[in-house]
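A structural walkthrough
Residue strings, one per chain:
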Amino acid sequence: LAELVPDDLLLAAPPALLRERGALDDEWRAVMVEWSFEAQMQAAQAIADQWGGWMRSTGADEVVAEYEAVGPRAAVSSQVLHQGQWMNNALPMELVSLGLNLRTAMGRPGGGAWTWARLSMSSSQGYKLVSDFNYDREPDLDPPYTAQDVAQELQAFPRTPDATPDWMRING
C-alpha cells in the first residue's frame, strides 16, 4: 500500500483535527467519546453519497479502496476503473479520508477500531457501497508501525484483553 502521508500525519481523526501535520493532540486521543450506530450509518452514508456522486460526475465505473491503520498512522491504496482502464490512487484525498472517518465512527467500546478495511462501489451494482472490515489484522505500514503507534491506538480505541490481537500486546 502507498503511504498517503508522513507517518505522523493524523488521518484517522475527523477532518477538523487535521489542522497541523504531525499533530497528535488530546482531541484525537479522545476520538472514541461515545459509540453510536447512528454515527456509523452517517459515516457510511457520506461515503456512499460522495463516492457515488464523484463516480457519476467523472464516469468512473468502479472504485476500490483498501485501508490499513493503527494509532495515528494510515495507509490507503485505491483503484478506479474508468473507460476500461484501472488507475491506481486516482480517488481524490477528500474521498479517501471519508473511509478513515468511518474507522473512527466504527470504533467499538472494548472492541477497538478496525485495522484493515476494503471499501468498493460499482456503477453496475447501482452505486451500492460494499465493505469488509477486520479489527485484528496486523497493518503492513512503511515504515512499520511502532509500539507508540499501538499505544496510541489502544488509548483512542480501548480493547478488552479478549479483543486485543497478539500483535497489539505490549509484551507480545
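Refer to the structure presented above.
Residues numbered from 1 in each chain as written. Predicted model: local features only at pLDDT ≥ 70, side-chain atom pairs only at ≥ 80, totals over all residues. Heavy atoms only, no water.

Quick look at the overall build of the chain
Threshold: Strands are runs of DSSP state E lasting at least 2 residues, helices are runs of H or I lasting at least 4, and numbering of each runs from the N terminus. Note on classification: 1.4 Å probe, protein chains only; a residue is buried when its accessible area is under 20% of the maximum for its type, exposed when over 50%, partly exposed between these limits. A contact between two residues is defined here by any heavy atoms of the two lying within 4.5 Å.
A tally of regular secondary structure across the chain gives 4 helices and 5 strands. When each of the 172 residues of the chain is scored for burial, the buried share is 45%. Taking the contacts inside the chain whose residues are at least 6 apart along the sequence as the reference set, 62% of them involve residues at least 24 apart.

Topic: helix α3 (residues 93-106)
Applicable threshold: Here the expected span of a helix is defined as 1.5 Å times the quantity of residues minus one.
Here α3 spans 20 Å end to end across 14 residues, near enough to the 20 Å set by a 1.5 Å rise per residue. Of all 14 residues in α3, 12 are buried, a share of seventy percent or more. Inspection of α3 places L95, V96, S97, L98, G99, L100, N101, L102, R103, T104, A105 and M106 among the buried residues, and these make up the whole buried set. In this structure, the buried residues of α3 make contact with α2 (37-58), β1 (60-70), β2 (73-82), β4 (116-122), β5 (130-134) and α4 (147-156).

Some points on the pattern of salt bridges
Keep this limit in mind: A carboxyl oxygen of Asp or Glu within 4 Å of a side-chain nitrogen of Lys or Arg is what we treat as a salt bridge.
The final tally for this structure, using the stated rule, is 5 salt bridges. We note a salt bridge from E66 to R137, for which the minimum N-O separation is 4.0 Å. You can see E66 sitting in strand β1 and its partner R137 sitting in the loop between β5 and α4, a full 71 residues away along the chain. For D149, the salt bridge goes to R73, with nearest N and O atoms at 3.1 Å. Taken as a pair, D149 in helix α4 and R73 in strand β2 lie far apart in primary sequence, 76 residues in all. Here R73 falls in the buried class, since its relative accessible area comes to 3%.

Side note on the nonpolar core
Quick note on the threshold: For our purposes a nonpolar core is just a set of buried Ala, Val, Leu, Ile, Met, Phe, Trp, Tyr and Cys residues, chained together by side-chain atoms within 4.5 Å.
Formed by 27 residues in total, the largest nonpolar core has its most connected members in W51, W54, V63, Y67 and L91. Breaking this core down by element, the ones donating at least two residues are α2, β1, β2, α3 and β4. The element that contributes the greatest number of residues to this core is α3, accounting for 7 residues. When sequence neighbours within four positions are dropped, the list of residues in contact with V63 reads W51, W54, M55, Q79, V80, L91, L119, S120 and M121. Counting residues in hydrophobic clusters, the runner-up holds 7 residues, among them V70, L141, Y145 and M168.

As for the packing of α2 against α3
In plain terms, the rule: Comment: axis = line fitted to C-alpha atoms, over the contacting stretch for helices; angle = value between 0 and 180 degrees taken between N-to-C directions. To sort the angles, those under 35 degrees are grouped as roughly parallel, those over 145 as roughly antiparallel, those from 65 to 115 as roughly perpendicular, and the leftovers as oblique. With the far helix as reference, a near helix turned anticlockwise by less than a right angle produces a left-handed crossing, and one turned clockwise produces a right-handed crossing. Following the grouping adopted for this structure description, the nonpolar residues are Ala, Val, Leu, Ile, Met, Phe, Trp, Tyr, Cys and Pro, the charged ones are Asp, Glu, Lys and Arg, and the polar ones are all others, Gly among them.
α3 packs onto α2 with a crossing angle of 170° between their chain directions and a minimal axis gap of 8 Å. Taken together, the axes of α2 and α3 lie roughly antiparallel to each other. For the element pair α2 and α3, the recorded crossing hand is left-handed. Residue-level contacts link A39, Q40, A43, A44, A46, I47, Q50, W51 and W54 of α2 to L95, L98, G99, N101, L102, A105 and M106 of α3. Among the residues making up the contact of α2 with α3, the classes are represented as 12 nonpolar, 4 polar and no charged.

Considering the environment of E94
Along the chain, E94 turns up in helix α3. Sequence separation between E94 and Q50 is 44 residues; the distance between their C-alpha atoms is 9.5 Å.

Description of the pairing of β1
Threshold: A pair of strands is labelled paired if DSSP reports no fewer than 2 bridges between them.
Extensive coverage of β1 is indicated by the burial of 8 of its 11 residues. Sheet topology note: the β1/β2 ladder contains 10 bridges and is antiparallel. When the sheet's bridge partners are listed, A65 is paired in β2 with S78.

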